[in-house]
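Listed below, chain by chain, are the residues.
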Amino acid sequence: MTDVLWGREGWVGRRSETRVIDTDVHELMTSERDLVPYLSEPWRGRVAATDGWGGIGGFQYSYPQVSGVAMSEAVTDNGSPAGSSYEMMREQLLDKYDMSAAILYPAFYPSDLKTQPEFATALARAYNDWLIENWLEKDNRFRATITIAAQQPEQAAREIDRLGSDPRFVQVALPASSSEVYGREFYYPIFEAAQRNNLVVGFHQTNHTATAVGHPPYYIEWHTNISQAWQCQLVGLIAHGVFDRFPGTRVAMIESSWTWVPSLMWRFDHNYRSLRREIPWVKRMPSQYIREHVRFSTQPMEFPEDPKHLYQMFEMIGSDEFLMFATDYPHWDFDSPHHVFPGSFPKDLRRKILFDNARSFYDLAL
């Protein structure tokens, strides 16, 4: 795997000068049938049957891209999906970049199922058991995300409680959905259970995340516009009072980009001054909740023509703790810790983003 230097003036490739925690690494199954040993009936037969269930699927993979959404180096020789080989991940990511920890985030999304919520709950539990046996037990650098089926919040809370005492699990997965507002009271059991188990709630796009105009004709449209989904989820969490009801809630916005955050805080604060009577349970300015409770991943990192502008956007947010490093392995827009920052980012800040912020936010014992 090659580290590609950004060719514009001010973007200087350098080896990372500190320890590294990667907050967005995707492990994959070879197929959904990997879950069969971890399922009971009636669900086992539905997944095991060769002419049965066809998987969750999603529109993202209908775009004809070379290697799909994977970088070519991570494509396996045997035809299994990129990210399904621990040995390749160890060589290409963990060892190459001397990772202190890698936080796994599933590329399997039972919360996307629109039918049979009981089946979705069974799939989530089976996936977590598969993850423990096939990934967590192979490398002590792995930390993991609990997969849930948000369609059944009470059952999701039980799954969080089942695994929450395992220190290898540090996060709960929720989709950056374009059709659900996860801040609504209906989903409170998920946030209550996450707080009870000292777990972060991580929002990430799924194969069903759409833009404000749905699923556009071109991948470049989708990939440019999907930050809208995280913006809507963030506004919903605050407006529906999640952080007031559960003050220990910690939220990670993963792969959302982050340069949109200053303008959203300004607009949300301005509207709150005028419209806060509508949401009297929200006691503080929205920007305060964001700085205190929410973190963002570096990937995808924007690359302005003038790299000083990126640092200026960072300063506008008003916190040096809000950003955490991520590679997005094994996907095509992978970011190396050696070359992710422009020279405008001070050395001490690079260290915080590469290691300190994630260690503190996820309460990692390394």
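Residues numbered from 1 in each chain as written. Predicted model: local features only at pLDDT ≥ 70, side-chain atom pairs only at ≥ 80, totals over all residues. Heavy atoms only, no water.

Asker: I keep staring at the overall build of the protein and nothing clicks. Help me out?
Answerer: A count of helices and strands for the protein gives 12 helices and eight strands. The C-alpha atoms of the protein give 20 Å as radius of gyration, which agrees with the globular expectation for 366 residues (21 Å, within 12%). Along the first, second and third principal axes, the C-alpha atoms of the protein reach 55 × 55 × 45 Å. Here the protein holds 366 residues, and the buried ones make up 56% of them. Taken as a whole, the protein presents about 15,900 Å² of accessible surface, with 49% of it coming from carbon and sulfur. The average position of the 35 basic charges and that of the 47 acidic charges among the side chains of the protein differ by 6 Å. (Helix = DSSP H or I, 4+ residues; strand = E, 2+ residues; numbered from the N terminus. Rg over C-alpha atoms; globule rule 2.2 N^0.38 Å. Buried < 20%, exposed > 50% of the residue type's maximum accessible area, 1.4 Å probe, protein only. Areas by Shrake-Rupley, 256 points an atom, 1.4 Å probe, with all protein chains shown as cover. Lys, Arg positive; Asp, Glu negative; His and termini not counted. Charge placed at Lys NZ, Arg CZ, Asp CG, Glu CD.)

Asker: Just checking my understanding: could you explain helix α2 (residues 86-95) for this structure?
Answerer: Every buried residue of α2 is listed here: Y86, M88, M89, Q92, L93 and L94. Take α2 and look down its axis: the buried residues cluster within an arc of 160 degrees, on one side only. Of the surrounding secondary structure, the elements contacted by the buried residues of α2 are β1 (20-25), β2 (99-104) and β3 (142-146). (Arc of directions from axis to C-beta. Contact = heavy atoms within 4.5 Å.)

Asker: Please explain the pattern of salt bridges as it appears in this structure.
Answerer: Proximity of charged atoms lets side chains of opposite charge pair with each other. Summed over all chains, the structure comprises 14 salt bridges. Notably, a salt bridge pairs R184 with E180, separated by 3.7 Å at the nearest N-O pair. A relative accessible area of 33% places R184 in the partly exposed class. Where salt bridges share partners, they join R125, D129, E159 and R162 into one cluster. (Salt bridge = Lys/Arg side-chain N within 4 Å of Asp/Glu carboxyl O.)

Asker: Can you walk me through the confidence of the model for the protein in this structure?
Answerer: Reading fine detail from the predicted coordinates is not recommended where pLDDT is low. Taken as a whole, the protein shows an average pLDDT of 92; of its residues, 93% reach a score of 70 or greater. Low pLDDT (under 50) marks residues 1-8, which in the prediction has 20 contacts with non-local residues, meaning those over four places away or in another chain. (pLDDT = per-residue confidence, 0-100.)

Asker: Even after reading the chapter, I still don't get the sheet that holds strand β4 (residues 169-175), so can you show me in this structure?
Answerer: Across the sheet, which stays open at both edges, the eight strands sit in the order β1-β2-β3-β4-β5-β6-β7-β8 with parallel pairing between neighbours. Of all the strands in the sheet, the pair left with one neighbour each is β1 and β8 (323-324). In terms of strand pairing, β3 meets β4 through three bridges, oriented parallel. Paired with I146 across the two strands is V172, which belongs to β4. (Pairing = 2+ DSSP bridges.)

Asker: Where do I start with the side chain of S227 in this structure?
Answerer: Mapped onto the elements, S227 comes out in helix α7 (residues 227-239). Under the relative-accessibility criterion, S227 is labelled buried at 13%. A polar atom in the side chain of S227 sits 3.1 Å from the side chain of S257. If we skip the residues at most four places from it in the chain, S227 touches S256, S257 and W260. (Polar contact = N/O pair within 3.5 Å; in protein donor to acceptor, adjacent residues only side chain to side chain.)

Asker: Can you walk me through the environment of D363 in this structure?
Answerer: Looking at where D363 falls in the secondary structure, it is placed in the segment after α12 (347-361). Exposure remark for D363: the relative accessible area of 53% places this residue in the exposed category. Through-space distance from the C-alpha of D363 to that of V170 is 8.1 Å; in sequence the pair is 193 residues apart. Setting aside residues up to four positions removed in sequence, D363 forms contacts with N198 and A358.

Asker: For this particular structure, what's the right way to read the side chain of E27?
Answerer: With respect to the secondary-structure elements, E27 resides in the loop between β1 and α1 (43-48). At 12 Å, K138 is the nearest oppositely charged side chain to E27, a buried residue that forms no salt bridge. Within polar-contact distance, the side chain of E27 engages the side chain of Y127 at 2.5 Å. Excluding residues within four positions of it along the chain, E27 makes contact with G83, M89, L104, Y105, P106, A107, Y127, W130, L131 and W135.

Asker: Is there a simple way to think about the environment of I353 in this case?
Answerer: Along the chain, I353 falls in helix α12. Taking relative accessible area as the criterion, I353 reaches 0% and is therefore assigned buried. Between the C-alpha atoms of I353 and Q171, which are 182 residues apart in sequence, the distance is 19 Å. For I353, the contacting residues outside a window of four places in its chain are T298, F314, L323, M324, F325, F341 and F345.

Asker: What should I look at first to understand the environment of E255 in this one?
Answerer: Mapped onto the fold, E255 is located in the loop between β6 (251-253) and α9 (261-275). Residue E255 is classed as buried on the basis of its relative accessible area, which comes to 7%. Along the chain, E255 and S179 lie 76 residues apart, while their C-alpha atoms are 18 Å from each other. Discounting chain neighbours no more than four positions away, the residues touching E255 are D24, H26, H204, Q205, W230, S297, Q299, P300, D328 and D333. Engagement of the side chain of E255 in a polar contact is seen with the side chain of H204, the distance being 2.8 Å.

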